[in-house]
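One letter stands for each residue in the lines below.
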Amino acid sequence: MSNLIVSYAPHIRSAKSTKQLMADVIIALIPALVASVYFFGLPALVHTVVCVLSCVFFEWIWERAFKLPSTIGDLSAIITGILVAFNMPVSAPYWLGITGSAFAIIVVKMFFGGLGSNFVNPALAGRAFMLLCWPVLMTKWTVPDFTMSFVTDAVSTATPLGVLAESGQMPYSYLSLFLGNIGGCIGEVSALAILIGFVYLLIRKVITWRIPVIYVLTVFVLTEILGGDGLYYILSGGLMLGAVFMATDYVTSPMSATGHIIYAVGLGVLTVVIRMFGSLPEGVSYSILLMNIVTPLIDTYTKNRIYGKPKTGGKSHE
Amino acid sequence: MRLKTFKGGIHPNDSKELTKNVPVVPHIPTETIIIPMRQHIGAPCEPVVQIGDEVLMGQKIGDSEAFVSAPVHSSVSGTVVDIKMYPHPGGGESKCVVIQNDFNDTLYPDIKPWNLDVSSKNIKNFVANIQSKEIVDKVREAGIVGMGGAAFPLHVKLTPPKDNPIDTVILNGAECEPYLTSDHRAMLENPLQIVIGSLLIKKAVGASRIVIAIENNKPDAIKVLQEVSSDFEEVEIGILKTKYPQGSEKQIINAVTGRQVPSGGLPSAVGVLVSNVDTASSVAKAVVMNLPLIERNVTVSGDAVMNPSNFKVRTGVTFASLFEAAGGFKVEPKKIIMGGPMMGIPQVTLNVPVIKGVSGVLAFSEPETFGKEEGICIKCGKCVDACPMRLMPNALSMFAENSDVEKLKKYHVLDCMECGSCSFICPQRRFMVQHIKKAKALVKNS
């Protein structure tokens, strides 16, 4: 009894630490991983393992080199690794994933101070880096291969959005798009698998519905207004993966409900503009990176109205 | 029916099942009773007795000239054996009157038995025929303070500024702190006293409406009070959503009336008086029996306690005697808390006396819930969602780390009431409340 602990209240804490939240995100990514292995064969899994190990390694070596406390225990590097792999075509060489992971972890995450201090999503910045430096390797698509062979020998093809941008044709059925029987990056093809992960994240209260749902709805509505096929657009490309797993990144998305709405609508508008009017077939990654940069500004203008303060719109903190 | 609530808040595991069905039993006062002169917000009392004096149960032993203060009384009959500084459960030390209990419980002559017939007609007559001033005077003389924990002298609340008439009295039966069940048991066991107390408070301030507000995790208490209050048309039962900090004064006002107390203001500014349910029952006893506040319900709980219990406890007995009465400890406690786990005050010793504001004493064995290290903010925004004052705890904690007084002011750090919701929810286990406490001191001293 002589050693009673004295500390400030509160004396109880929520069960959800960062590690547990991150573990939930990893669990939510598993359906998409299973789908990618089903459609692309074992190389999809090898890519994922390579990127995860690289990300964890780079974070560990950086913190060791600079004598910083190790943060690999928070599991966030594992998520970055999975997402870097998910954003690559399965035909890419393995060294590309290692390079992308190094850029994501060292340049985007650790240069700025680690988890919480990065201003854009590390995995997406890694993807943008790979796309700029090795555009050919990053856009060599294969049709899904059902043989589960270790070596991908499937024929080259184009993504649904690639075909649409090139020729204006929509060669895939909605069902194929929904299930994932299409060309594309490792983790983005199966809308179904991603939605299973989304439902899990909602049930576990890791994220709210706002950003993914509003983002996807904005893309759908805007595409329809501009004369496109909304359903085809939302089921193809990286939209589902981006909306559920990357736009919702805590660090780089706004904090308030109003902020979520502005951010998600902004994402939708940018995505549709890039897809329909830009020279690129796909715009999800750049949309999210751009809106990541706008996030601090959104946070500044969407503060809650403080209890007991008169109604003055968004300027309650002034 | 739509549940009343406020924006923000958290849902901790309430852990009330340990004691919510355990009836209140009297705790036998110990041989030595230590009565602190500081048991309330405001000026501490000075002893009005001397060493060697014989005192009776309910006799005033300390008082103060100050308006914001409340007299203290002996909770037993016996002899004053010492007047000295003694450890205080609120931290530090306080001047205390030490009484040797003679175990006769000889009542002070002013105190009468409960002689009020409890038919509703009779209660209405009694309330109609008593003067407001008499109620306020009796409440002051009885030393009644808010028993929810803050211990603000009630007679001060009963004399609001002239330009702020009170129209609504809210009886706070939310009891939103986990583990605590002392108010819950009071509502189940003394509902009529609570209703009578609320009518007296309403009469004292000239209000028109009484809302007894209870969280919906206490359906039995809601039912009992609905039945007991059905004859009194001015009393309504407000059913609140179970959420922490629903029992916080500003949040319960917002939930029940939709009004918001202005920043830095008192509830009277929006025409509301909030009082704890057990306080109301003390008001009834003070007015009907002249009985001062010398005993109260205390929950003794936590994972280290052998038999978690609810006791009727005299002020001045030690925490140690409460744990002893609850069967002692089944494992060695690592932390002892006065109050609930969200805002309670940790103790360095068990040899501190029970004071008027002690709703519970808890003993915990689990060290991992206390956390030694914090991470950096990952901007998840969970604290922003949780803050019942709608502040940005994440930003405040970082400004506090940088001692940025200008930013702290701009982000209204002084509106924080330290409910702990942000610390509770933070996945990085940041010490939000500590940072904000430091920040408040910085701003106040700037």
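Residues numbered from 1 in each chain as written. Chains lettered and ligands numbered in written order. Predicted model: local features only at pLDDT ≥ 70, side-chain atom pairs only at ≥ 80, totals over all residues. Heavy atoms only, no water.

A.B. asks: Tell me about the overall build of chain B, residues and numbers included.
C.D. replies: Helix and strand counts for chain B come out as 14 helices and 17 strands. Its C-alpha atoms give chain B a radius of gyration of 22 Å, near enough to 22 Å, the size a compact globule of 446 residues would have. The dimensions of chain B, computed from C-alpha atoms along their principal axes, are 65 × 50 × 45 Å. Expressed as a percentage of its 446 residues, the buried residues of chain B come to 59%. Partitioning the contacts of chain B with sequence separation of at least 6, the portion at a separation of at least 24 is 74%. Here chain B carries 48 positive and 46 negative side-chain charges, and the mean point of each set is 7 Å from the other. (Helix = DSSP H or I, 4+ residues; strand = E, 2+ residues; numbered from the N terminus. Rg over C-alpha atoms; globule rule 2.2 N^0.38 Å. Buried < 20%, exposed > 50% of the residue type's maximum accessible area, 1.4 Å probe, protein only. Contact = heavy atoms within 4.5 Å. Lys, Arg positive; Asp, Glu negative; His and termini not counted. Charge placed at Lys NZ, Arg CZ, Asp CG, Glu CD.)

A.B. asks: Requested: an account of the packing of helix H3 (residues 76-86) of chain A against helix H5 (residues 122-133) of chain A, with residues and values cited.
C.D. replies: For any two helices packed against each other, the geometry is given by the interaxial angle and the distance between the axes. Residue and element names in this part refer to chain A. Direction vectors running N to C along H3 and H5 enclose 35°, while the axes themselves pass 8 Å from each other. When the axes of H3 and H5 are compared, the crossing they make is right-handed. Contacts between H3 and H5 involve Thr80, Leu83 and Val84 on the former and, on the latter, Pro122, Ala123 and Met130. A class-by-class count of the residues in the contact of H3 with H5 yields 5 nonpolar, 1 polar and no charged. (Axes fitted to C-alpha atoms, helices over the stretch in contact; angles between N-to-C directions. Left-handed = near helix turned anticlockwise from the far one by under 90°. Nonpolar A, V, L, I, M, F, W, Y, C, P; charged D, E, K, R; others polar.)

A.B. asks: Please provide a residue-by-residue account of the layout of surface pockets, values included.
C.D. replies: Computed from the structure, the second largest pocket encloses a volume of approximately 1000 Å³. Lys205(A), Thr208(A), Lys382(B), Asp385(B) and Ile425(B) are, among the 34 residues lining the second largest pocket, the residues nearest its centre. The set of elements that each furnish at least two residues to the lining of the second largest pocket consists of helix H10 (210-225) and helix H13 (257-277) of chain A together with helix H10 (382-386) and helix H13 (421-425) of chain B. Here the lining of the second largest pocket is built from residues that sort into 15 nonpolar, 10 polar and 9 charged. (1 Å grid on protein atoms, 1.4 Å probe; cavity = no way out; pocket = protein on both sides within 12 Å on 5 of 7 lines; lining within 4 Å. Points joined across faces, edges and corners; volume = space filled by probe spheres on them.)

A.B. asks: Explain a nonpolar patch on the surface residue by residue, including any values.
C.D. replies: A surface patch of nonpolar side chains, amounting to about 820 Å² of accessible area, comprises Phe111(A), Phe112(A), Phe119(A), Leu290(A), Ile293(A), Val294(A), Leu297(A) and Tyr301(A). Here Phe119(A) lies in the loop between helix H4 (94-110) and H5. (Patch = residues over 30% accessible without salt bridge, like charges linked within 9 Å, V, L, I, M, F, W, Y side chains within 5 Å. Areas by Shrake-Rupley, 256 points an atom, 1.4 Å probe, with all protein chains shown as cover. Salt bridge = Lys/Arg side-chain N within 4 Å of Asp/Glu carboxyl O.)

A.B. asks: Can you lay out the side chain of Asp229(A) for me, pointing to particular residues and giving the numbers?
C.D. replies: All names here are of chain A. With respect to the helices, strands and loops of the structure, Asp229 is situated in the loop between H10 and helix H11 (230-235). Of the side chains bearing the opposite charge, Arg275 lies closest to the buried Asp229, which forms no salt bridge; the N-O distance is 10 Å. One polar contact links Asp229 to Tyr174, side chain to side chain, over a distance of 2.4 Å. In this structure, Asp229 is in contact with Met170, Tyr174, Thr223 and Glu224, ignoring residues within four places of it in sequence. (Polar contact = N/O pair within 3.5 Å; in protein donor to acceptor, adjacent residues only side chain to side chain.)

A.B. asks: Could you give me a rundown of the domain arrangement of chain B, with the residues and numbers involved?
C.D. replies: Residues and elements named next belong to chain B. Segmenting chain B into domains produces domain 1 (27-109 + 293-367), domain 2 (112-289) and domain 3 (382-445). Put simply, the middle of domain 2 and the middle of domain 3, counted by C-alpha atoms, are 31 Å apart. Contacts between the two partners involve 7 residues from domain 2 and, on the opposite side, 6 residues from domain 3. Summing both partners gives a buried area of about 470 Å² for domain 2 against domain 3, and 49% of it is carried by carbon and sulfur. Looking at the side of domain 2 facing domain 3, the largest losses of area belong to Tyr244, Pro245 and Gln251, adding up to 62% of the total buried there. If you look at where domain 2 meets domain 3, you find 0 salt bridges. Along the contact surface separating domain 2 from domain 3 lie 3 residue pairs in polar contact (both at pLDDT 80 or more). Among the residues forming the side of domain 2 that touches domain 3, the class breakdown is 2 nonpolar, 4 polar and 1 charged. (Domains from an automatic or database assignment. Buried area = accessible area lost by both parts, 1.4 Å probe.)

A.B. asks: So, empty space enclosed by the protein: which residues are in play, and what are the values?
C.D. replies: The final tally for this structure, using the stated rule, is 7 cavities of 30 Å³ or more. Roughly 320 Å³ of volume is contained in the largest cavity. Considering the residues around the largest cavity, the lining is formed by 22 residues, among which Met22(A), Ile79(A), Phe245(A), Asp249(A) and Tyr250(A) are closest to the centre. Elements with a contribution of two residues or more to the lining of the largest cavity: helix H1 (18-40), H3, H5 and helix H12 (239-246) of chain A. With 4 residues, H3(A) is the single largest residue contributor to the lining of the largest cavity. Counted by class, the lining of the largest cavity contains 15 nonpolar, 5 polar and 2 charged residues. Looking at the second largest cavity, its volume works out to about 110 Å³. Lining the second largest cavity are 15 residues; nearest its centre among them are Cys387(B), Cys416(B), Glu418(B), Cys419(B) and Cys422(B).

A.B. asks: Outline the environment of Leu226(A), listing residues and values.
C.D. replies: Residue and element names in this part refer to chain A. On the secondary structure map, Leu226 appears in the loop between H10 and H11. For Leu226, a relative accessible area of 42% puts it in the partly exposed group. Linking Leu226 and Met276, residues 50 residues apart in sequence, is a C-alpha distance of 8.8 Å. Not counting the four nearest positions on each side in its chain, Leu226 is found in contact with Val272, Met276 and Phe277.

A.B. asks: Please give an account of the pattern of salt bridges that cites residues and values.
C.D. replies: Residue and element names in this part refer to chain B. Within the structure shown, the criterion is met by 22 salt bridges over all chains. A salt bridge links Lys60 to Asp63, with the shortest nitrogen-to-oxygen separation between them at 2.6 Å. By relative accessible area, Lys60 is classed as partly exposed at 25%. For Asp63, a relative accessible area of 16% gives the class buried. With its nearest N and O atoms 3.7 Å apart, the salt bridge here joins Glu234 to Lys202. Highlighted residues: Glu234 in the loop between helix H6 (219-228) and strand E11 (235-240) and Lys202 in helix H5 (residues 191-205), separated in sequence by 32 residues. Among the charged side chains, a network of salt bridges with common partners joins Lys60, Asp63, Arg140 and Glu141.

A.B. asks: Could you give an account of the sheet that holds strand E12 (residues 272-276) of chain B, with specific residues and numbers?
C.D. replies: Residue and element names in this part refer to chain B. Strand order in the open sheet formed by 4 strands is E11-E10-E9-E12, and the pairing between neighbours is parallel. If you trace the sheet from one side to the other, it starts and ends with E11 and E12, each paired once. Neighbour-to-neighbour, the strand axes of this sheet turn through a mean angle of 25°, independent of strand direction. Bridge analysis of strand E10 (residues 209-215) against E11 gives 6 bridges, and the strand direction is parallel. Within E11, the position partnered with Ile210 by the bridge is Val235. (Pairing = 2+ DSSP bridges.)

A.B. asks: Describe unusual backbone geometry, with residues and values.
C.D. replies: With an omega of 0°, the peptide bond running from Ala9(A) to Pro10(A) counts as cis. Among the structural elements, Pro10(A) can be located in the segment before H1. Cis geometry is found at the peptide bond from Tyr244(B) to Pro245(B), where omega equals -5°. As for its position among the elements, Pro245(B) is in the loop between E11 and helix H7 (249-257). At Asp105(B), a residue that is not glycine, the phi angle is positive and equals roughly 50°.

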